[in-house]
Amino acid sequence: MIVVGVAVAVAVLTAVPVHGHHSGSTLFSEKTSTLKGSVAKWVWSNPHCLLTVDVKGDDGQLVSWLIELQAPNTIYPAGYRINTFKPGDPVTVAVHAVSNGRPYARVVSVTLADGKTLGDGVRADTPAP
Amino acid sequence: MLHRMMTLTAALLSAALLAPAEAVAQDKGAQDKTPATWPSPVPTRGPVAEKDKKPAPKRTINGMWSALRVGNQSGGVQLKPNNGKPENELPYTPYGLQVYRSHKPLEGKDSVDPADNNDPRTKCEPLGFPRYNHYDLGIQVFQDEQKVAMLYNFDNRWRMIWTDGRPLPKVVDGGVEIDGEYREARWMGYSVGRWIDDYTLEVVTVGTMPEDRVWLDNTGRPISDKARITERFRRLDNDTLEWSETIDDPKIYTRPWDTMKLRMTLQDPRIDLMTRYCSPVELDNYNKTFGDAAGAN
């Protein structure tokens, strides 16, 4: 079930290594979707960093997506920093959304306004900073 | 005249002998003036190329070590990921299987939604030994004549491995016995080590916490206070350490089995690692903000 009002492009990646975290539960979908919006909040914290992105749907309504990343010292090698995001920054995020249709997800990759893409810090194919 | 020449010669000779040392001292001084920096706060060095390998020093594993992307072995211990494949099924005793089934982990093939988990880690309980071994976020090792200290990045925990020849404690119910004295079970157990050759340190640990307090890995595999954990640290060359671990826990498993065999690379000794503490407040914030909400049906 897709949340009404969210503009989401669904892309299925083939041969994606199983994410070790939460891998057995049905919490997250294995399909990758893309969210385009602007940063509302960036929390640099254990156990997970959290990125809030406001995404405007076709109906013009804003939906606030909360996206989970790994802990700071896990995503640091992928190029994330405590000041990577500030409110208002445009951002494109590839995610695995939760299966229950709520606007929660875990990150696959983040593309910043300058075009730079950061991975999830865990997968072997995560882009280098 | 002769006296003046001899004096002059002595003076010149002295100057010649002193000059190189002073030049070296000045050189060193110039090098020491280079300002020290803070390198990247995470391990970055990967395996060393064959052509760059240097001989291993004898009887030392001093340094910071990391296998980089191994991380916290979140899918289960490295050699037996908990993915349902037949070759990764563990040799449980009936009681061991019962304990495993009582665990509700966040990871692995039997993982549950965040709100339903009962992993002690999510209450910020100490991981216990050997679960700390499976969290490679950079391991710092210091050693002297009597002991090897291992400093674990996760939650800034450490343990001592005694290499002074003291005996391994005897395991008894609820703890260990040392020279007739009863001692309590400990989160890191009691470790003794010996060099079985100039490049291999073998460590045995007993006296760890019972199965209702600690898990073996993130996927809920159990380990009891009757476990005997054997590690081998093999210095393959100056920059490479092979760290292997075997579990022998007759209460939970019918036979010993190998959990991991990591190839670790020597890291920059100047690294000031990023911290990763388990804070109950931060954990609570996460659960309220994401964990429970995302998993709610």
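Residues numbered from 1 in each chain as written. Chains lettered and ligands numbered in written order. Predicted model: local features only at pLDDT ≥ 70, side-chain atom pairs only at ≥ 80, totals over all residues.

A. Quick look at the sheet that holds strand S8 (residues 190-197) of chain B. Residue and element names in this part refer to chain B. Read around the closed barrel, 9 strands run S1-S2-S3-S4-S8-S9-S10-S11-S12, paired in mixed fashion. The average undirected angle you get between the axes of adjacent strands in this sheet is 30°. Bridge analysis of strand S1 (residues 63-66) against strand S2 (residues 139-143) gives 3 bridges, and the strand direction is antiparallel. Directly across from Gly 63, in S2, lies its bridge partner Val 141. (Pairing = 2+ DSSP bridges. Helix = DSSP H or I, 4+ residues; strand = E, 2+ residues; numbered from the N terminus. Axes fitted to C-alpha atoms, helices over the stretch in contact; angles between N-to-C directions.)

B. Summary view of the interface of chain A and chain B. Opposite the 26 residues of chain A that make contact, chain B presents 27 residues. Contributions of two or more residues to the side of chain A that touches chain B are made by strand S4 (62-68) and helix H1 (72-75) of chain A. Here the side of chain A that touches chain B takes 3 residues from H1 of chain A, the largest share from any one element. Its residues assigned to classes, the side of chain A that touches chain B comprises 12 nonpolar, 12 polar and 2 charged. (Contact = placed C-beta atoms within 7 Å. Nonpolar A, V, L, I, M, F, W, Y, C, P; charged D, E, K, R; others polar.)

C. Just the environment of Gly 76 of chain B, in detail. Residues and elements named next belong to chain B. Along the chain, Gly 76 turns up in the loop between S1 and helix H2 (94-102). Residue Gly 76 is classed as buried on the basis of its 26 C-beta neighbours within 10 Å. Distance in space between the C-alpha atoms of Gly 76 and Asn 218 is 6.1 Å, their sequence separation being 142 residues. Residue contacts for Gly 76: discarding those within four places in its chain leaves Pro 81, Asn 82, Gly 108, Asp 217, Thr 219 and Arg 221. (Buried ≥ 20, exposed ≤ 12 C-beta atoms within 10 Å, placed from the backbone.)

D. Broad picture of H2 of chain B. Residue and element names in this part refer to chain B. Looking only at H2, the buried set comprises Gly 96, Val 99 and Tyr 100. Looking straight down H2, one finds its buried side chains confined to an arc of 100°; they lie on one side. Seen from the buried face of H2, the exposed residues on the opposite side, beyond 90 degrees, are Pro 94, Gln 98, Arg 101 and Ser 102. (Arc of directions from axis to C-beta.)

Everything listed here is a matter of geometry and, on its own, says nothing about what the molecule does.
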